[in-house]
Each structure stands twice: as structure tokens, then as C-alpha cells.
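# Architecture and fold: a report
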4 protein chains.
Amino acid sequence: MNLTKLCDELRIFAQERDWEQFHTPKNLASALIVEASELLEHFQWLKTGELAELDERKQNEIRHELADVLMYLVRLADKLDVDLMAAASEKLEHNRIKYPTEKVRGDSRKYSEY
Amino acid sequence: MNLTKLCDELRIFAQERDWEQFHTPKNLASALIVEASELLEHFQWLKTGELAELDERKQNEIRHELADVLMYLVRLADKLDVDLMAAASEKLEHNRIKYPTEKVRGDSRKYSEY
Amino acid sequence: MNLTKLCDELRIFAQERDWEQFHTPKNLASALIVEASELLEHFQWLKTGELAELDERKQNEIRHELADVLMYLVRLADKLDVDLMAAASEKLEHNRIKYPTEKVRGDSRKYSEY
Amino acid sequence: MNLTKLCDELRIFAQERDWEQFHTPKNLASALIVEASELLEHFQWLKTGELAELDERKQNEIRHELADVLMYLVRLADKLDVDLMAAASEKLEHNRIKYPTEKVRGDSRKYSEY
């Protein structure tokens with residue numbers, strides 16, 4: 001499986017159920033943040049959310065939420081004709097220039113402008 | 001580029017800047033929702049957010065936000081030892097069983113339980 | 001009941017349960033967005049979410065989510081020594097100047113810069 | 001100023017600008033979470049977000065974001081005919097019963113089911 005294949009499968013999944021009508025970019029962007037929030041919910045009262053703070057059940061639920069975020073992200077990118085991997089590569093290159101190693105090392109203030 | 005390579009590059013990016021200390025799962029889950037919100041912001045007053053409603057500048061900004069969401073998602077999955085593609089495959093299979101085509105076709109109420 | 005009284009009651013509620021330790025501003029800001037997301041979830045597949053689209057059960061659930069958002073907002077303002085009503089008055093006055101009636105009437109683009 | 005007066009002023013503000021057309025419950029719920037996210041953004045890389053971690057400029061920005069959240073919350077409640085203070089009183093009473101002091105004291109696991 002890779003992102004292209006996942007994208008195709010999700011498109012077919014929606015088409016078979018006649019759900020494309022609900023999958024406007026606006027609705028998908030809402031669905032994406034709702035899933036991102038279900039993910040955050042697992043961490044909101046924890047100290048850092050490192051694996052040691054999460055039992056197996058929690059880890060499994062989080063895994064599902066991560067999958068949901070990815071699926072809506074891929075669907076939304078599909079509707080907007082965006083190549084996610086190309087966009088990420090480009091953004092990463094942009095960030096390498098914007099945050100030179102020697103200038104931002106260990107500095108959360110710099111980071112917070114990310 | 002694929003997700004595994006992106007994951008490696010983002011890890012190196014963070015290590016080189018000594019930013020791993022800020023990248024707790026809890027903080028990454030917050031950063032993820034903040035990026036998802038910047039994405040939603042582009043759509044909040046639009047009717048559907050289809051491409052016809054978005055000029056080139058908007059499309060480009062949205063592309064960057066999609067990349068940001070993917071990058072934090074990949075970082076968070078990395079910190080939690082989750083294989084994103086495997087998790088998505090599994091969830092998609094789960095959804096195929098949960099939402100049989102003949103039962104949910106065109107039904108947003110069913111869908112809303114997604 | 002008014003905001004000041006609600007603020008006092010919520011503080012006592014947290015103190016009595018020894019939950020102040022979890023109510024850091026950061027955690028409360030997370031909890032606030034999680035509740036805002038549970039609110040959005042009710043609307044994500046609807047057209048506009050006007051009352052006609054919501055049955056009584058939905059309306060009741062939404063009412064509870066609105067209350068949850070208000071309660072976390074009041075708690076967070078309390079922890080940060082912010083007078084919510086004064087802040088809102090000030091912001092509204094600021095917006096009156098920033099968006100003169102004659103310049104922005106019916107214009108969602110202007111609005112989207114809000 | 002109180003919530004009722006703020007509600008009236010915000011309604012007039014929107015009417016004068018012919019913005020009621022954009023203020024569907026769905027759009028307001030999106031705007032609310034976008035503001036909640038701008039609030040969270042200030043805390044995402046901080047340890048706890050206590051006042052000692054926030055300089056005066058940050059505190060002022062956060063105050064504005066708190067105001068924005070309140071304003072959209074009040075607008076949304078107005079569109080849905082919800083009395084926010086009554087809803088919060090009711091929910092608080094509900095929580096007093098759901099989380100008896102002696103059973104949940106200092107327990108974040110109980111709390112996380114909140």
C-alpha cells in the first residue's frame with residue numbers, strides 16, 4: 001500500500017456508497033479536524049503522551065485515530081488535486097531554508113513561529 | 001519520496017535542530033490540530049470549497065497546509081511506533097464491513113456515525 | 001447566574017475534586033478545542049445546520065456541547081486572569097473600527113480576513 | 001455588559017454588515033474551532049502555559065483570542081436559540097452528580113472521561 005493506492009481505494013469506497021456528494025472540500029476539512037481532535041483528546045490530561053503513559057488499549061485507539069486523520073487528509077488532497085508527497089517534500093525543503101540548524105537549535109521560541 | 005522516507009527526513013530535521021525535546025506526542029497532537037485548523041480556515045465561509053471557489057493563491061496556501069498536516073501526522077506516528085499505511089489499510093477494511101454498500105448508500109445519517 | 005458566578009462555581013468544582021493540578025492553561029486550551037470539535041461534529045455533514053436540520057435530540061446534544069465550551073473557556077480565562085466580558089467588549093469595539101459597515105457589507109472575502 | 005447584551009450587539013454587528021448570510025450554525029461552529037485553535041497555538045510548545053511562561057504581548061494576544069471564542073460561541077448559541085448560562089448551569093449540576101467528590105478526587109483517569 002502507498003498513498004496513491006490508498007487514495008484510489010478511498011475514492012472507490014466513497015463512490016460505491018454514493019458519499020461523494022458529502023465529500024466537499026469544506027466538509028472533509030471539518031471531518032479532518034474532528035478526527036485530529038479525537039486524537040488530541042487522548043493526550044489532553046497527560047504529561048507528554050509518551051508510550052509509557054499509554055496502555056495497550058489507548059495505543060490501539062490512537063492508532064485508529066491516526067488512520068482516520070490520514071484517510072481524510074488523503075481524500076481532501078484528492079478532491080483538490082494536490083500531490084501530498086510532493087507538497088510535503090517542497091514544504092520540508094522550504095523549512096530547511098527557513099530554520100537553519102545553527103540559528104534555531106533547541107529554541108522553542110523560534111520553533112513556535114514554525 | 002514515500003511515507004517511510006518522509007518520516008526519516010523529518011526525524012533528522014528535528015534531531016539536527018534539537019527539537020525532539022518539544023516533539024512529545026502531546027505537543028505534536030496539538031500542532032496537528034493547529035495545522036488542521038489553518039486548513040479549515042480557508043473553507044469556513046465558502047459554500048463547498050470546490051476548486052472553482054479557490055483562486056490560485058488560495059490553492060497554493062491550502063497545498064502548504066495539507067503538507068503541514070501530513071508532516072505532523074507522520075512525526076506523531078513515528079513517536080508512537082505506528083505504521084500509518086498499515087493502520088489506514090486496517091481501518092479501511094474495518095469500514096468496508098461496518099458500512100456495507102447496500103445499507104448506507106447516499107445516507108448522510110449513517111455516514112455521520114462514521 | 002452570570003459569568004462571574006459561573007467562574008466561581010467552576011473553580012470550587014475543580015478544587016473540591018483536586019483537579020486544579022490538571023487545569024493548566026495548556027490543558028484547558030486543549031480541552032476547549034476538543035469540546036469545540038464535538039460541537040462541529042454535529043454540523044459536519046449538514047448543509048447549514050439551521051434548526052430545521054436538527055431534531056430535538058441533536059439540539060439537546062448541541063446545547064450540552066455549547067455549555068462545555070463555555071465552561072472550559074471560563075475556566076481558562078480564570079487561570080489567566082482575563083475578564084472575558086471586558087475582553088469581548090474591547091474586541092467588538094476594535095472590530096467596529098476594522099470593518100466599517102459601508103466597506104464590508106455582504107462581502108465574505110473581507111469577512112474571511114476577520 | 002453581560003451575555004445577553006453581548007448577544008444583541010453581535011447580532012446588530014452582523015446585520016449592519018449583511019453578514020447574517022455567512023453566519024449559518026455550521027459556519028459559526030467552524031469559526032469557533034478556528035479561534036479555539038488560534039488560542040491553543042499560543043500554548044502548544046509551552047510546558048503548562050501558566051502566566052509565568054507568558055510575556056505581556058502573549059498575554060494580550062491570548063486575551064483577544066479568548067474574546068473571539070466567546071463572541072462566536074455567543075453568536076452560535078443565538079442562532080440555535082440556546083440560553084448559554086442556563087445550559088452551563090444545567091451541565092454543571094449534571095457534572096456534580098456524575099463526578100462525586102469522594103470518588104474522583106485527584107484522578108485524571110476519571111477526569112478524562114469528563
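The model shown is predicted, which means the values in this text are computed figures rather than measured ones.

With that out of the way, let us pick up the interface of chain B and chain D. Taken together, the contact between chain B and chain D spans 14 residues of the former and 14 residues of the latter. Across the interface of chain B and chain D, roughly 1,300 Å² is buried in total on both sides, 62% from carbon and sulfur atoms. When the buried area of chain B at its contact with chain D is split by residue, Val34, Gln44 and Trp45 of chain B rank highest and sum to 43% of it. Run the count over chain B and chain D and you get 0 salt bridges. On inspection of chain B and its partner chain D, the count reaches 1 residue pair in polar contact (both at pLDDT 80 or more).

This paragraph deals with the interface of chain B and chain A. As a measure of interface size, the accessible area lost when the parts come together is often cited. Opposite the 72 residues of chain B that make contact, chain A presents 73 residues. In total, chain B and chain A occlude about 6,700 Å² of area from one another, counting both sides; carbon and sulfur atoms represent 70% of this. One can count 6 salt bridges joining chain B with chain A. Put simply, Glu9 of chain B and Arg96 of chain A hold a salt bridge, and the shortest N to O gap is 2.9 Å.

Mapping chain B onto chain A calls for a rotation angle of 180° and an axial translation of 0.0 Å; the resulting RMSD is 0.0 Å. The superposition operator between the copies reduces to a two-fold rotation axis. For chain B, the smallest separation between a C-alpha atom and the rotation axis is recorded for Ile33 of chain B, amounting to 3.1 Å.

Reading the values: rules and limits
- Residues numbered from 1 in each chain as written.
- Chains lettered and ligands numbered in written order.
- Predicted model: local features only at pLDDT ≥ 70, side-chain atom pairs only at ≥ 80, totals over all residues.
- Heavy atoms only, no water.
- Contact = heavy atoms within 4.5 Å.
- Buried area = accessible area lost by both parts, 1.4 Å probe.
- Salt bridge = Lys/Arg side-chain N within 4 Å of Asp/Glu carboxyl O.
- Polar contact = N/O pair within 3.5 Å; in protein donor to acceptor, adjacent residues only side chain to side chain.
- Least-squares fit on C-alpha atoms with pLDDT ≥ 70 in both.

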